[in-house]
Each structure stands twice: as C-alpha cells, then as structure tokens.
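# Understanding the architecture of this molecule
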Amino acid sequence: MVFFSYLISGISLGSVYAIIALGYTMVYGIAKMLNFAHGDVIMVGGYICYCAMTYLGLPAIASILLSMVVCTVLGVVIEGLAYRPLRQAGSLAVLITAIGVSYFLQNAAQLIWGVTPKIFTSAVSFPLPQGLTDLGISSEAIVTVVSCVVIMIALTLFVNHTRMGKAMRACSEDKGAAQLMGINVNRTISVTFAIGSALAAIAGVLLCSSYTTLMPTTGSMPGIKAFTAAVFGGIGSIPGAFIGGLLLGIIEAMAKAYISTNLANAIVFAVLIVVLLVRPSGLLGKYVPEKV
Amino acid sequence: MKNLKKTTKVDFATYIGVTLAFLIVSVLQGRDMLTNAMASWLVPVCCFIVMAVSLNLVVGISGELSLGHAGFMSIGAFSGIVASMSLSEAIPLAPLRLAVAMVVGAACAAVAGFLIGIPVLRLRGDYLAIVTLAFGQIIKDLITCLLVGYDKRGLHFVFNLDGLRSVNDLHLEEGGVAIIKGAQGAVGVTKLASFPAGYILVMIALVVVLNMIRSRTGRAIMACRDNRIAAESVGINVTKYKMIAFVVSAALAGAAGALFGLSYSGLASSRFDFNTSIMVLVYVVLGGLGNIWGSVIGAAVLYILPEALREFADYRMLIYAIVLILVMLATNNDQLKALVGRIIPRRKEAETNG
Amino acid sequence: MKKSIIRFLSLALALVMVLALCACGGETQQGPGPAENPNTEAPATEPADDGGNEPAGDEPSGGDNEPAGEASGTFKLGGIGPMTGGAAQYGMAAMTGAQIAVDEINALGGPVQFEFKAEDDVNVTDTAINAYGRLKDWGMQVLVGCVTTTPCISVAQEANTDRIFALTPSASSTDVTAGRDNMFQMCFTDPNQGLSGAEYIKTNFPDAKIAVIYKNDDAYSVGIRDAFAGQMGDSIVYEGTFTDDTQTDFSVQVAAAKDAGADVVYLPMYYQPATVILNQAKAIGYAPTFIGVDGMDGILDQENFDASLAEGVLVMSPFAASSTDELTVNFVAEYQKRMGQLPNQFAADGYDCVYAIYNAIQAAGLTADMSTADICEALIATFTSDSFSYSGLTGQGMTWSTNGEVTKLPMAFLIKDGVYTTP
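What counts as what
- Residues numbered from 1 in each chain as written.
- Chains lettered and ligands numbered in written order.
- Predicted model: local features only at pLDDT ≥ 70, side-chain atom pairs only at ≥ 80, totals over all residues.
- Helix = DSSP H or I, 4+ residues; strand = E, 2+ residues; numbered from the N terminus.
- Buried ≥ 20, exposed ≤ 12 C-beta atoms within 10 Å, placed from the backbone.
- Contact = placed C-beta atoms within 7 Å.
- Pairing = 2+ DSSP bridges.
- Axes fitted to C-alpha atoms, helices over the stretch in contact; angles between N-to-C directions.
- Expected span 1.5 Å × (residues − 1).
- Core = buried A, V, L, I, M, F, W, Y, C linked by C-beta atoms within 7 Å.
- Domains from an automatic or database assignment.
- Nonpolar A, V, L, I, M, F, W, Y, C, P; charged D, E, K, R; others polar.
- Right-handed = clockwise from strand over helix to strand, strands pointing away.

This paragraph deals with the overall build of chain C. In terms of helices and strands, chain C carries 12 helices and 15 strands. The 423 residues of chain C split such that 62% are buried. Of all intrachain contacts in chain C linking residues separated by at least 6 positions in sequence, the fraction that spans at least 24 positions is 71%.

This is how it looks when you write it as structure tokens:
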C-alpha cells in the first residue's frame, strides 16, 4: 500500500522530468547543443501562467496557452539572438552562451517578479473520488502522467510522419547534407526551439501545480534532472527521454523512501553513472561507431 | 633570447606576468593602497585561477568536457581543513601547516580523481560531461552528510546516512572539536591562507601544467584529443594519458580547494555546487581553450566582475549575464574577427597554444 | 592566433570596463538599498552637534537606560544578506526591515542619524567577505548581518578581528557567536528553538507520536532538529530529510510520516518548503498537527496562499504581522508600501536590529567620530549590561548574554481562519 503511494509519487515526479527531458532531447538531437537555459524557460512558463491566472483572471486553459505562446516566442528569440550567431562556433561557445542566457532569465525574473516565492494555485485541479485520494493519487499526478504520454506520442508522430519532422531528422543526421537537399536548417532549428519551449511551458505549469512554490530559481534543479533523464534514456531519443524521465522519478522516490532521504539525489546520479557504464549511449541511444 | 621557441616565450611571459602582478599588488597592499574589498579578492582569485588552469588541462588540452570540477575543489577544501585543524598542535608553524594541508587536499582530490576517472574516461563527449556533473553532485551530497571531529584519540568520522546523527554521535572527548558539521560544513576554521601562498600555488600550477603540455606527455594528451584513433595507431595509450591529465587536474583543484577552505572561518559544501563548476568552465572558455594565460586572466577578470558591478545593486547579475553573452557572441563573430584581422596584421607563426 | 587576439581584446575590454566601474565606485554616492525607494537615500540630516536637542522619543522603548552622555552624529550601518539567488527572499526582507528603521530614525531628526548600505552576499561565504570588505571601505561602523548562517560565521570572524560590532538579524547558529564577543543575535539560537519546541509538545501533546522533516543541508534546520530530537528521543517515529535540490517534492516523506502513524509533525524549516509539505499532506488526506518554528512565520503572507492549508498549524515565532499593537501596525503598513507584501520575521528582525543598535548608541552616549573599535567596545558593554533591554517587534524586554545570545520569550501562535491566534 505504502509502496504503491511511493510509486505514484515517483511516476508523477518522473512525468514532469520526462516532459522537460523531451524538450531537452529535441533541441539536443537537432541543434546538438546542451541548452542549459531550458530549465529557466520552465520557470518563465510558470510565472506567465501564474500572472495570467492571478492578475488577469484568465481561466486555467487560457493561461496555459498564453504561457505556451510566450515561451515559444521566448525560445525562438533566444535561439535567434544568442544561439544562431554561434552555429559555426564550437559547442562549448554555445554552452557558455546558454549559461549566460540562464543567468539572464533568472535575474530578469527576480527583477520582474521579486524574490518572494509565489504560491501557485494548481491549474489542473479537479475533484477525485475518495478511493483515489486514499491511494495517494492527486489530480495533478493524473494530468501530468496523461499529458506526458500524449506529448510523447504526438512528438513521435510529428517527427516520424510530417515534412517538418523529416527535415528535423535530416538536420540531426547531417546539417550540411540537409542544406544541400534544400532544407532550411535555420528554420528547422527555430521550429525545434519553439516546440521545446512550448513543452517547457507545459512542464512549468505542471511542475508548479504539483509543487506549488514558484521562484526565480525554480527551474534550475528540474532542468539539471531533466538533462540527466535525457542522457539516461539516450540523448536525442524521444522515447528515451520519456523512459529516462519516468525511471529517474521512480528511482528518486524509492531512494527517498527506502534508502536515505539525505542521499536521494546522489543515488539518482549514481544509478545514472552505472547505466552509462553499461550502456555508454544511454538506454535507447544509438551507438555511433567512430569512423577512421 | 632569440633562439627560444615561441611557446617557451609565451610560457615565460605568463610566469613573468603573474609574478609582476603579484609584486605590484603586494607593494600596493604593503603601502595600504588597496581597498579592503580588493584585499578580500586576492586569495579567492588565486584559488579560482588555479581552478581554471587545472580545468583547462582537462577541457582544453585533453578535450573532455568536465562539469564537476568543483567537486575536487570541495574534496580538497574539506580534507585540507581537516588536516590543518587536526595538525594544529603537531605543526604550530602556520605556513608549513598550510602547505601540508594543501598537499593533503591535493592528494585526496587526486585519489578521488583517479577513482572517478576510471568510469568517466570510458565515456565520450556529452555522456562524459553528464557523468562528471553527476560526480560533482554526489560529492556535494556526501560531504553534506559527513561529520568529522578531532580529539586526543584522533580523528572521528560519522556518516549521517539516515539523517539521524548529529555532532554528539562523534563522542568527542573533553576538548575535542567538531571540524565538519554536516550541513553546516566546516566551522571555526583557523585561517591560514595568504596572498603569497596563493601566488606560490598559482606558480606551481602554471609550472606543472605548462611543463606538462610542452612535454612528451602533453603532446600525447593533445594527440588523443585531436584524433583518438590516430593516436592509438601510433601506440599511445589513450586512457593512460587522459587519466594523467584528469588526475593532475584534480590534484591542482584539490590544492586550490584547500587554500580556499583555509581562507574562511566557515565553509559549507553547498559552496561547491554545480554553479561553481560552471563558473570555472566559463573562466576557461572565455580565457580560451588550451590557452593557459587566457585562463589566468579569464578567472581573475570574471571573478572580480560581479564584485565590481556592485554599484548596479539588483542589476549586477543581469549585467554580468549580458556581458557573458555579448563576449561570447563577439569572440565568435566572423565580421568582427575579419575587422580585427585587418587592424592587426596576421602574424606568421602557427597557432601557439593549440 | 587570430582567435587568441580577439579573446585577448575582449578580455582587455572587459578589464577596462571593470576598472572603469571601480573608478566610478569612488564617485557614486551609494548604491540603492534593497528596496526601490529613492527618498530613503537622502543624505542624513546634519547631526545636531550643539547637544541642545533632547534625545527624540523613539518608538521601540529602550528600557530604563540612563544615557551616559549625549549621543550624536551620523553612524554608518552596513548590512549583508543574500539579495540574489535562492535565499534572496530572506536577505531582502531583513535589509528592507533595517532600511525602514533607519528611515524612521532619520526622520525623527534626533542627534543620532544613520546611513545604511546593504550589500549582497548571494548566501556564499567568499562573496560575503567581499561585501564586508566593500562596506569597510565605505566606512562601516556597525554591521547588521549577515542574514544567513554560513556566510555569517566567516564574516563574524573578520568583524571580530577588525573590532566592528555586529548584530545579526537571523543567523541563528551558536557557531556564529561562539568565541566572538562582538557578535550578537536578534533571533533565537537554533538549540533554544528546538528545546522550546520540545517543551511545548511535551506539555500540550504528551503522548504524541512525532514525525520530523528537516532540511539536511541547512544549518538552521539541522541545528533545531538536533536539539529537538535530543529532547524527544523515542517519541519520534519518523524522520525525513530533504536538501536544496529536493525541496520541491515531499510526497515520499509525507506518505512515510503518515504510514508511521505520526500525529504531530514538527517542521524545523522555512515556510516555503513547509508550504509544499502542507499541500502534499492535504493531497493525500493526511491531517496531523503541524508545528513550525520561527522560520514558518510568513506562511500566511504568501501571495495566493490557500490559508485553509495552514489551518491548525502551530507557529513558534517571536513576530506576527497580524498583531494589533501600534508598532507592528505601523511597521507592517510601511513594509507593505515598499514591498507590496506583508513583512515576515526576517524583516522584523532587521528592523529590531537597527533600533537595538540605536538605543544602545544612545544609552552609551556614543558619537559618530569615535573610532570603530571604541564604538564596538562600548556597544558590547551596553548590550551585555544588566540595565540594557530592548522591546521591539520581536519581543519585549530582550536582553543579551555575554555570548551574544538574546533572551526573549518565544510565542506560540495557532493559525485559525487564516490568522494567528494565541492558543
């Protein structure tokens, strides 16, 4: 019984990680960059939704949509201003710029919204039958898990069955060749960032709905965890990010419950290390043999 | 002088530059011309220069992205503090005790570097990066659970796995001191660090790293970075050379950590988190990958920058972020490069620093 | 080569900027305080040097101190606390509280005036030391800070060496004051809080099964927990921890506490993670008696907080923003005007720090032209003297012992219908 409630909280936490990781993995797969600012886009998404609900009095759905729109624009703007000029530069240059963007977003958020945490009213709350509540299942958990699965399936279909998806896969294989085939690489990458940022907005709303407090640093740790989840599942792989996120959440919950609440994080990372030693490209990652 | 190699000239210029900077600052300090704020930067700047130089060995020379360098600093800091506090009676002479603490810090970090290097160096690219990040986090969490005390019977360690233990569980005798108190970190540390010590450490780090780069070992390491398969085909043991770079880097970071730890009377392991690793990486990248004197300047400028921006109060970190992005964009802008290339005529020599 | 030239140039550019900024530093009058209130930065009115003015009747009463001489001059107060980063809310609150007190005192126009300058330490040791150095350059005579424990330990050591009197609003560990005669606290020490919490539970919930959830990487939380657990012993049925990195999700800890059958949950932590715990306990239908510490104060003042979550929570805090005495009402109104929200205990502590220093300066008859070391010695003597006591927002008749700890009564509030009530 208790085990079940731990499992539920693990799955619920893992689903949030998974949604963030999906955004991470999309961007990584196509742009080949570690976007450390992704976690902070989540935080912005949370704040936008909060403001829409509290100050503008918009209904939850409208707030979520608004927050997705704002984050999408933000993602595209960040990509255009900060990352696109560095397309030809080394991956480390982009990494440092992403870190700069992350600092920028955090500090801008602090100046705009202040340092005191905001209490986020759940945007996705609905009454549940008593039986489910007793099992430790909350409405947020259900929404999170369902939306995570939906997003994962939708993304897979999008990438595999649309023109744009095909362009994305082509860019991820070989940007130069894709360009020669008439694919607009810059636009494809922009679209990827737009999708990733919209996912970040959803993740932000769901994260804050389950864990209520919202402050400028809210996104950083989930961002790192989601990065871990993406690597765990094999970075660049969409089902990998899903599985990685879920597993990470479950491992974290189980480690807290049965081993040590002190070391839950350390245990998560230790499992990651072990997995990478056995499978150096993550659970579902493609192993790319080196060419001589 | 003329027949010296270009690289040798650059190296000597680096040594001389650092020494000159040290002398000028020392003279200013001696004449009381430094503000208190500037005086408080000296030791941490030295520590972070050593951190940047040592990380450059891994990221720039060995070509592996490490996101957990602060972990080694943490190990060095806390082992150095434990060594210094427990030897306070055995070695009353402060500079000697500081040196011993730094050696202990370096040794502990080197051992950790070796143990971590075994799994880490089996991986490539971003997978390697995430594993170093993971180790950095693990080290931080482990030290948060660590309780260390010292009394007449020696050192006592308690590991607070279940969260139920406190300093009382060390069962210290009368007169014993708790050196590391878990979450609170080290408290009541006797400060030993000084600017000359920082200078000496920077010089040691520079001598070690520069000589290593110019040696057979360094060439082997760079060969592994540039083309692993080609390096292997000429009989270079890739893992061995990458390991050498990783362990030396960890040891230097440990020594820097020990100096850092002994320059404050209280220090918590949360100081050495992911952000600190990232900061050091920023120093290295902005200073130039593989460019050692660049790391020295990068660390000094970027450590001081947020402090110098204090006039802007709430906006200072925002401005810092903007400066960071703009510098990255400017240094990678082709037009700007072309412009600079036209102003400063291209020199004939090949790349000096890889 | 080209690359390195450009890098060099950009670094040189950055260096020039830094130097330019440093140079600017000399001219600029002073950085803005924590709150955006331009009128507060006005230079202090000229001190009444004729000594003819009567000491103005300050609001918080200074007890029965006999002024030793006429105190006068403009004293420079420095403040250090985190104003960016994860702990920024605490530093901001304390520094704004202190700024309000300074403005009030200056507005009184008495002979003692203050200049106040707050510096950011990001809750990081070396940055705090840098901030301290900067305040020293500015000419700080008395320090209000640091706000958080870990940086405070290092800064306290420096201040002790430099002989600068320091009064921290909220760094509550005993390690802050240990062995430093110039370091005083406005807040309870952690062990004291833990002991009084244990006492309270023993009296009011004699047979309760207790669960404790605390923050393992926070000295404040661990300090209270250690003293509390030492007292309660076997009646604790579950202890769960969390860290900065895991403070968004407590579902496991809450479920485990429920499973262990705990009917009292002791939460030695700040209100922000506590909010999440209350929320998640409600989500799984777990309703024990939650007992918080002084860090819990502020929970009701959060924007958008569903007060029904905190129904029945006990808060052991020296300050309540809902108190109706004039002093609190005025302070709350002013704080709300500046920050747009209710003050918490940190703000009240910051405010009290300034007034306690003000009263002590008057009691000791200090003048601003005295050396910092003399001011320090005089303030130490005043603070520890039997005749000095201070009544303010966070307590009545507070006195300080020679080890820097404050003695005041903790107050327990029960949250009922969204307000503090006395149980």
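We are not done yet, so read on.
Before going further, it helps to examine the sheet that holds strand S6 (residues 210-215) of chain C. Residues and elements named next belong to chain C. Ordered by their spatial adjacency, 7 strands build an open sheet running S7-S6-S8-S9-S10-S14-S15, and the pairing between neighbours is mixed. Where the open sheet ends on each side, the last strands, each with one partner, are strand S7 (236-242) and strand S15 (419-421). Strand-to-strand twist in this sheet, taken as the mean axis angle between neighbours without regard to direction, amounts to 25°. As judged from the 4 bridges shared by strand S8 (residues 264-267) and strand S9 (residues 289-292), these two strands associate in the parallel manner. Along S9, the bridge assignment pairs Tyr-266 with Ile-291. Its contacts with the sheet place helix H8 (residues 251-259) against S6, S7 and S8, and it is angled at close to 180° to S7.

Residues and elements named next belong to chain B. Its 14 residues give helix H10 (residues 274-287) an end-to-end C-alpha distance of 20 Å, which sits within 8% of 20 Å, the value for a rise of 1.5 Å per residue. Within H10, 13 of the 14 residues are buried, leaving the element largely enclosed by the surrounding structure. Once H10 ends, the next one or two residues include Gly-288, with phi positive near 110°.

On to the nonpolar core, then. Soluble globular proteins: nonpolar side chains tend toward being buried together. By size, the foremost hydrophobic cluster in this structure holds 380 residues, and its most contacted members are Leu22(A), Val50(B), Leu259(B) and Val354(C). Here this core gathers at least three residues from each of two domains, domain 1 (53-187 + 337-407) and domain 2 (190-317) of chain C. Aside from chain neighbours lying at most four places away, what touches Val354(C) is Leu77(C), Ala98(C), Ala101(C), Val102(C), Phe114(C) and Val144(C).

Residue and element names in this part refer to chain C. Spatially, S2-S1-S3-S4-S5 is the arrangement adopted by the 5 strands of the open sheet, whose pairing is parallel. Single-partner strands in this sheet number two, and they are strand S2 (112-120) and strand S5 (183-185). Direction aside, the axes of adjacent strands within the sheet are offset by 25° on average. Relative to S5, strand S4 (residues 165-168) runs parallel, the two sharing 3 bridges. Bridge pairing in S5 places Leu-167 opposite Phe-184.

It is worth spelling out the interface of chain C and chain A at this point. If you look at the interface, chain C gives 33 residues, while chain A gives 30 residues. Secondary structure elements with two or more residues in the side of chain C that touches chain A: helix H2 (88-108), S7, H8 and helix H9 (271-283) of chain C. The element contributing the most residues to the side of chain C that touches chain A is H8(C), with 6 residues. A breakdown of the residues in the side of chain C that touches chain A according to their chemical character gives 10 nonpolar, 19 polar and 4 charged.

This part takes up the pairing of S8(C). All names here are of chain C. Of the two faces of S8, the one carrying Val-264 and Tyr-266 and the one carrying Val-265 and Leu-267 are both buried. One ladder, built from 3 bridges, connects S6 with S8; its direction is parallel. Paired with Ile-210 across the bridge in S8 is Val-264. In this view, the connection linking S8 to its parallel neighbour S9 by way of H9 has right-handed handedness.

On to helix H12 (residues 316-331) of chain B. Between its terminal C-alpha atoms H12(B) stretches 22 Å, which fits the 22 Å expected from 16 residues at 1.5 Å a residue. Three or more residues of H12(B) are buried, namely Arg316(B), Met317(B), Leu318(B), Tyr320(B), Ala321(B), Val323(B), Leu324(B), Ile325(B), Val327(B), Met328(B) and Thr331(B).

Attention shifts here to the domain arrangement of chain C. All names here are of chain C. Each assigned domain of chain C is listed here: domain 1 (53-187 + 337-407) and domain 2 (190-317). Of note, the centres of domain 1 and domain 2, computed from C-alpha atoms alone, are 30 Å apart. Listed per partner, the contact involves 11 residues of domain 1 and 12 residues of domain 2. Along the lines of polarity and charge, the residues of the side of domain 1 that touches domain 2 split into 2 nonpolar, 9 polar and no charged.

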